Amino acid sequence: MACVSAFPAGSLSILSPVTSLGSEALAGLPADLAQLLSAPPVTEKKLLELRVTWSGLPALEAMMAEALRMFVLTWDPLETHVPRPAAMAAVNTGSLGLEIAVHIPIWRLNGLAAARHEPIATTLTAIAGSAVVTAARHKQEVIAGRYPSLVVDHSVPDLLADLSAGAALGSATISADPPSWDDIGLGAIQDVIQHAFGPVDLDRSQVELGALSRGQSGCPACAGKRFGFPADLAESQHSMCAAHRKQADAVIKERLARAERSNPDGWGALTDATIRRELPHLPNGLATGLAGASEAMYVVPEPAELAERARLVVEAAAWFSGRGRDFGVALGEDPEYGPDIPDWLMNLILDLGRAGLTNEALSVAEALARVEPKLQSVTDADLGVALAQAGRGDEARAQIAANLRAWPDDFWVRVHAGDALETLGDLDGARAHFAAARDMAVHPADFEERAAAAERLLSLSRKERLAGGGPKAQRIQRAGKVSRSKRRRGR
Ligand SMILES: [Zn+2]
């Protein structure tokens, strides 16, 4: 990771208010650009290209400024590769000439400007200026195209690491060019991958297939057309004659194989990002904040971390009302394989309760029920347990009563009513619910449910014999969670 230290550590919150940019933040920007940055299409994967120009630069800096292309992004293709830098630079050489591409996600741009107590225009100028000044200092490596490999090895500095030198270049004129948000394409993804993994040798030059002695009418290759790579060539294949289709196949295979050989990790990240480009994402960098949450299945995080996670979940869920499937996919669940709310998130309410974070547990339960109304019996049942574990007995009992009124025939509502009462020390009440739950699981397919209820009844009688058993109760609780999770998976 080349650029983690490019900006002062600790000064950047992962999140920043994106939609409420004041006139101070937008000072110095032309009106159309200020408008575009105030209302970014954060649920779509878009980029906004900026033209940044200085007057009176020395020749070398002027050359690098000429090669500069700057983009504001609404999606970071490597959002789950934590920690993420605030901005990413790539150097591309080749038939189109030198290009220094700088990408900055909109939430990082706003957060960085706020942290530096300056207008966005000043921050953009410093970042762009850093790329120009640093590239000028290392012009040989930049022009020869060696910079991307060297920067990954830390042999040369990140192009965006010297914001003060960038700012010292003087004020710049910034405009949107074109003045509209455009789709994030393969080129932008490649730049972001290059910054993290070094260059991937994906040949994207136009493809001209060999002429045949006798052309076939209707075949675009026989008609002498050239094809963009990879999308245009792949999409045109179906209208080609058999011979050209075969040629196109060979070109695609050869180019992709060479790209993979050149940088297997970078290629893996590139193909993964290309797939995720077509799927829903969590806006405003929320996926970066929630990356690693699935490890909570094995190690329960500290309360402060859990509270922050709950806050991010609630903020993310607000974008997905009634869209549980999209929410699951945006959280990284496989869309091909029964998209679902991830297990770590299904366990979050109970984890929060154990940590005493009942307000957070309530917020997460509410947020999840809005995303996926059919989950409400599950989240409400968990809430009863969470309140009990946090020692809020009256509220726990009220929640249990409400749950039983709303879902009198739900097995897990019944089991968790027992779990909550057991936690509150009401062992007789708990036993009655566990027994009622066991009696509900009469169908042969309900084997796991019956086992879960029986396990709880057994543990309850052991507990009464031993008259104690805090840690044991904890363990049983975990076991119950896992079996519920399996039940959900099995359907
Ligand atoms: Zn043909």
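Before going into details, it helps to say that this report is about the structure given with it. The numbering scheme is per chain: residues are counted from 1 as the chain's sequence reads. Under the rules for a predicted model, residues below a pLDDT of 70 receive no local features and side-chain atom pairs below 80 are neither given nor counted, while totals for whole chains, interfaces and linings still include all residues.

Comments concerning the environment of Gln35
Item 1. Structurally, the position occupied by Gln35 is in helix 1 (residues 31–38).
Item 2. In the structure, Gln35 is positioned 13 residues away from Gly22 in sequence and 11 Å away in space, judged by C-alpha atoms. In DSSP terms, a helix is any run of H or I states spanning at least four residues, a strand is any run of E spanning at least two, and both are numbered starting from the N terminus.

A short note on the pairing of strand 1 (residues 46–53)
Item 1. Only strands that DSSP links by at least two bridges are regarded as paired with each other. Sheet topology note: the strand 1/strand 6 (residues 182–183) ladder contains two bridges and is antiparallel. Each bridged residue has a counterpart across the sheet, and for Lys46 the counterpart in strand 6 is Asp183.
Item 2. Direction of pairing for strand 1 relative to strand 2 (residues 68–73): antiparallel, over a ladder of four bridges. Looking at the pairing, Leu47 lines up with Leu73 of strand 2.
Item 3. Pairing geometry for strand 1 and strand 5 (residues 173–176), over four bridges, is antiparallel. Residue pairing for strand 5: Val52 is matched across the bridge by Ile174.

A closer look at the nonpolar core
Item 1. Joining buried Ala, Val, Leu, Ile, Met, Phe, Trp, Tyr and Cys residues through C-beta atoms within 7 Å gives a set, and that set is a nonpolar core. Field definition: a residue is buried when 20 or more other C-beta atoms are found within 10 Å of its C-beta, exposed when 12 or fewer are, and partly exposed for counts in between, with C-beta atoms placed from the backbone. One finds Leu68, Val72, Ile100, Val102, Ala128, Ala131 and Val132 to be the most contacted residues of the largest nonpolar core, which totals 72 residues.
Item 2. Ranked by residues supplied to this core, first place goes to helix 4 (residues 120–137) with 11 residues.
Item 3. In terms of nonpolar packing, the next biggest core, distinct from the first, is built from 57 residues, Ala287, Ile349, Ala430 and Phe434 among them.

As for helix 19 (residues 393–406)
Because an α-helix packs 3.6 residues into every turn, residues spaced three or four apart end up facing the same way.
Item 1. Helices are assigned an expected span. That span is 1.5 Å times one less than the residue count. The end-to-end C-alpha distance of helix 19, which contains 14 residues, comes to 20 Å, matching closely the 20 Å that a straight helix rising 1.5 Å per residue would cover.
Item 2. If you check which residues of helix 19 are buried, you get Ala396, Gln399, Ile400 and Asn403. For helix 19, the arc enclosing every buried residue in end-on projection is 100 degrees, short of the 170-degree limit, so these residues lie on one face. Summarising the geometry of helix 19, the exposed residues directed more than 90 degrees from the buried face are Asp394, Ala401 and Arg405. Directions drawn from the helix axis to the C-beta atoms are what define this arc.

Some thoughts on the pairing of strand 2
Item 1. For strand 2, a buried count of six out of six residues is recorded, marking the element as mostly surrounded by other parts of the structure.
Item 2. Burial of the side chains of strand 2 extends over both faces: Leu68, Met70 and Val72 are buried on one face and Arg69, Phe71 and Leu73 on the other.
Item 3. Two strands pair when backbone bridges link them, and strand 2 and strand 4 (residues 99–105) are joined in this way by six bridges, in the parallel orientation. When the bridges of strand 4 are listed, Met70 appears paired with Val102.

Some remarks on the environment of Val313
Item 1. Mapped onto the secondary structure, Val313 falls in helix 13 (residues 303–317).
Item 2. Owing to 26 C-beta atoms within 10 Å, Val313 belongs among the buried residues under this scheme.

Notes on unusual backbone geometry
Item 1. In this structure, the amide linkage connecting Val82 to the following residue, Pro83, adopts the cis form with an omega of -5 degrees.
Item 2. Along the chain, the position of Pro83 falls in the loop between strand 2 and strand 3 (88–92).
Item 3. Looking along the chain, the bond that leaves Phe229 and enters Pro230 is cis, with omega of 0 degrees.
Item 4. Among the structural elements, Pro230 can be located in the loop between helix 8 (186–197) and helix 9 (231–236).
Item 5. Phi at Asn284 is positive, roughly 60 degrees, even though this residue is not glycine.
Item 6. For Asn284, a count of 29 C-beta atoms within 10 Å translates into the label buried.

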